[in-house]
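Inside the fold
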Amino acid sequence: MVLAAGRGERLRPITDTCPKPLVEVGGKALIDHWLERLAEAGCSRAVVNPCWLGERIVAHLGQRRRSTMELLFSPEPAPGLETAGGVRQALPLLDAESFLVVNADVYCPLDVAAFVRRARQRLESGFLAHLLLVPNPAHRPQGDFALGEDAMVYPDAQEARGTALTFAGIGFYRAELFRPLPAGVRTPMAPLLRAAMRAGKVSGERHDGLWVDVGTPERLEALRRQLPAANEEKA
């Protein structure tokens, strides 16, 4: 699933007329980078959840060449259902017991197939989620969660006896994590993940390669300047 519902407030005025997933870097829309990566990894079905300027996202993706990857839409009512709520609504379309979820507004030349292989091994061991974590960027110095030496993810660094890291917006999940949520209700992801962490059900890994949360005009321009070299970098 490629999360594409956000309004992109911090990226205004760009996102007043262009949905954030369609902002271009390296000559193509952010969401196209992800869909191409997913197709290369052998993904057979992708779900996109349009909301803000959603008709433009649907029209843009409708122009894509047909491929072996089926593309489905899970439209959300304004102002959107938040991350967990959006995944919960999309479960019938995902039609799988486990699946990858990525933020459309993140640029990361990740080896998707390798990440999914490692994540599947974790989920087969009883975990509900496997997260990609990155070193804390300047705009989020406190981080989100902490990765322990046991590869488990904890709500804070003190509990993990490790360093706080930032959630990359990329994770592999079991459907059962979302099924108890009420359908059609705005539900953020972080509280759901923290509850699963306290139950010892979340694993993770650290990514030290290129990763950019394209959340402001400044970060967008910095990525555009960096991208010629970034295109050659692999996770």
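As shown above, the structure is provided for reference.
Residues numbered from 1 in each chain as written. Predicted model: local features only at pLDDT ≥ 70, side-chain atom pairs only at ≥ 80, totals over all residues. Heavy atoms only, no water.

**Digging into the state of the cysteines**
Two cysteines, two sulfur atoms, one covalent bond between them: this is a disulfide. Taken as a whole, this structure holds 0 disulfides when the rule is applied. Among the cysteines around Cys 18, which has no disulfide bond, Cys 51 carries the closest sulfur, lying 15 Å off. (Disulfide = S-S within 2.5 Å.)

**Focus on the nonpolar core**
Proteins that are soluble and globular tend to have nonpolar side chains buried together. With 45 residues, the main nonpolar core has Val 2, Ile 31, Leu 35, Leu 38, Leu 100 and Ile 170 as its most contacted residues. In contact with Val 2, other than residues within four places in its own chain, are Ile 31, Leu 35, Leu 38, Val 47, Val 48, Asn 49, Val 102 and Ala 104. Val 101, Leu 133, Met 189 and Leu 193 belong to the second largest nonpolar core, which has 31 residues in total. (Core = buried A, V, L, I, M, F, W, Y, C linked by side-chain atoms within 4.5 Å. Buried < 20%, exposed > 50% of the residue type's maximum accessible area, 1.4 Å probe, protein only. Contact = heavy atoms within 4.5 Å.)

**A look at the environment of Glu 124**
Looking at the secondary structure, you find Glu 124 in helix 5 (residues 112-124). The exposure class assigned to Glu 124 is exposed, which follows from its relative accessible area of 66%. Separated by 11 residues in the primary sequence, Glu 124 and Pro 135 place their C-alpha atoms 27 Å from one another. (Helix = DSSP H or I, 4+ residues; strand = E, 2+ residues; numbered from the N terminus.)

**Focus on the packing of aromatic side chains**
Enumeration over the complete set of coordinates arrives at 3 aromatic pairs. Ring plane angle 75 degrees and centroid distance 5.5 Å describe the contact between Tyr 173 and Phe 178, whose orientation is recorded as edge-to-face. Phe 178 gets classed as buried once you look at its relative accessible area, which sits at 0%. Arg 37 extends its terminal NZ or CZ atom over the ring of Trp 34, reaching a point 5.0 Å from the ring centre. (Phe/Tyr/Trp six-rings, centres within 6.5 Å; stacked < 30°, edge-to-face > 60°. Lys NZ or Arg CZ within 6 Å of the ring centre and 35° of its normal.)

**Quick word on helix 2 (residues 30-40)**
Of all 11 residues in helix 2, 8 are buried, a share of seventy percent or more. Of the residues making up helix 2, those classed as buried are Leu 30, Ile 31, Asp 32, His 33, Trp 34, Leu 35, Arg 37 and Leu 38. Looking one or two residues beyond helix 2, the residue adopting positive phi is Gly 42, at roughly 90 degrees.

**What to know about the pairing of strand 11 (residues 164-174)**
With 10 of 11 residues buried, strand 11 is to be regarded as a mostly interior element. Where strand 6 (residues 98-103) lies against strand 11, 5 bridges are found, and the strand directions are antiparallel. Pairing of Leu 100 across the sheet is with Phe 172, part of strand 11. Both strand 8 (residues 129-134) and strand 11 contribute to a ladder of 5 bridges, which runs antiparallel. By the bridge assignment, Leu 133 is partnered in strand 11 with Phe 167. Pairing analysis gives 2 bridges linking strand 9 (residues 145-147) to strand 11, with the strands arranged antiparallel. (Pairing = 2+ DSSP bridges.)

**Comments concerning the environment of Pro 13**
Turning to its location among the elements, Pro 13 is positioned in the loop between strand 1 (2-3) and helix 1 (14-17). Pro 13 gets classed as exposed once you look at its relative accessible area, which sits at 59%. Expressed as a C-alpha distance, the spacing of Pro 13 and Ala 164, which sit 151 residues apart in the sequence, is 32 Å.

**Comments concerning the pattern of salt bridges**
Across all of its chains, the model carries 12 salt bridges by this definition. Between Lys 20 and Asp 105 there is a salt bridge, with the nearest N and O atoms lying 2.7 Å from each other. Linking Lys 20 in the loop between helix 1 and strand 2 (24-25) with Asp 105 in the loop between strand 6 and strand 7 (106-107), this pair joins segments that are 85 residues apart in sequence. The same class applies to Lys 20 as to Asp 105, namely buried. The salt bridge partner of Arg 179 is Glu 97, with a shortest N-O separation of 2.7 Å. Here Glu 97 lies in the loop between helix 4 (82-94) and strand 6 and Arg 179 lies in the loop between strand 11 and helix 7 (189-198), a separation of 82 residues in the sequence. Each of Arg 7, Arg 12 and Asp 16 takes part in one network of salt bridges that share partners. (Salt bridge = Lys/Arg side-chain N within 4 Å of Asp/Glu carboxyl O.)

**Some remarks on the side chain of Ser 203**
Take Ser 203: it is sitting in strand 12 (residues 202-206). Residue contacts for Ser 203: discarding those within four places in its chain leaves Arg 122, Phe 127, Ala 129, His 130, Leu 131, Ala 151, Met 152 and Val 153.

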